[in-house]
Each structure stands twice: as structure tokens, then as C-alpha cells.
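# A closer look at the structure
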Amino acid sequence: MVHMDRPDEAPSQQTPSYCPAPAAPAGRVAGPPYADCLECAKPTEYGVATPGVVLCPVCEWQEAQRTACSG
């Protein structure tokens, strides 16, 4: 936390971000067998033991477009 009332401390050099940082991707597990996409049920590039939400490349791209910051 930066206190502006303390002249002896320099404010943070980072520019504030309006978008949250993306989560670090979970460890990718090699296939086969490959997991099915949670959106369209097509095979993905991830093994069935991959943790988290698993999407095919098309659904990953569409999700990225939906959640991207605008402006």
C-alpha cells in the first residue's frame, strides 16, 4: 500500500491496470486420451487429467474474445 502523505517513500512505478491479470495456466497434461471441451464436447489438445476448465481451440479463442478488455 502506498501512502501519499509520506514524501520519503516513492510511489509505485507500475501503471495501474484496469484489467485483472490472467490466471496462470494450469499444468498441461499430455494425451491421449484427450479431454472433451466443456462448451462443445469436441476433443481438445489437453489430456483428460488436465485440471481446470478445458476448452477446444475454437472455444478458447471465443472465450478470450468475450473476456478481453475493450478500450
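Use the structure listed above.
Rules behind the numbers
- Residues numbered from 1 in each chain as written.
- Predicted model: local features only at pLDDT ≥ 70, side-chain atom pairs only at ≥ 80, totals over all residues.
- Heavy atoms only, no water.
- Helix = DSSP H or I, 4+ residues; strand = E, 2+ residues; numbered from the N terminus.
- Buried < 20%, exposed > 50% of the residue type's maximum accessible area, 1.4 Å probe, protein only.
- Contact = heavy atoms within 4.5 Å.
- Areas by Shrake-Rupley, 256 points an atom, 1.4 Å probe, with all protein chains shown as cover.
- Pairing = 2+ DSSP bridges.

## So, the overall build of the protein chain
- When helices and strands are counted, the protein chain shows one helix and two strands.
- Counting from the amino terminus, helix and strand elements in the protein chain follow one another as β-β-α.
- The burial tally for the protein chain puts 14% of its 71 residues in the buried class.
- Counted over contacts in the protein chain with a minimum sequence separation of 6, partners at least 24 positions apart contribute 5%.
- Of the accessible surface of the protein chain, which amounts to about 6,200 Å², a share of 58% is contributed by carbon and sulfur atoms.

## Focus on the environment of Glu-45
- Examined against the element boundaries, Glu-45 turns out to sit in strand β2 (residues 43-47).
- Along the sequence, Glu-45 and Val-29 sit 16 residues apart, while their C-alpha atoms lie 9.2 Å from each other.

## Details of unusual backbone geometry
- Positioned with a positive phi, Ala-41 is a non-glycine residue whose angle comes to about 70°.
- Relative to the elements of secondary structure, Ala-41 occurs in the loop between β1 (34-36) and β2.

## Focus: the pairing of β2
- With two bridges connecting them, β1 and β2 associate as antiparallel partners. In the strand pairing of β2, Tyr-34 is matched with Gly-47.
- Hairpin geometry of β1 and β2 is characterised by an intervening segment of six residues between the two adjacent antiparallel strands and by a positive phi of about 70° at Ala-41.

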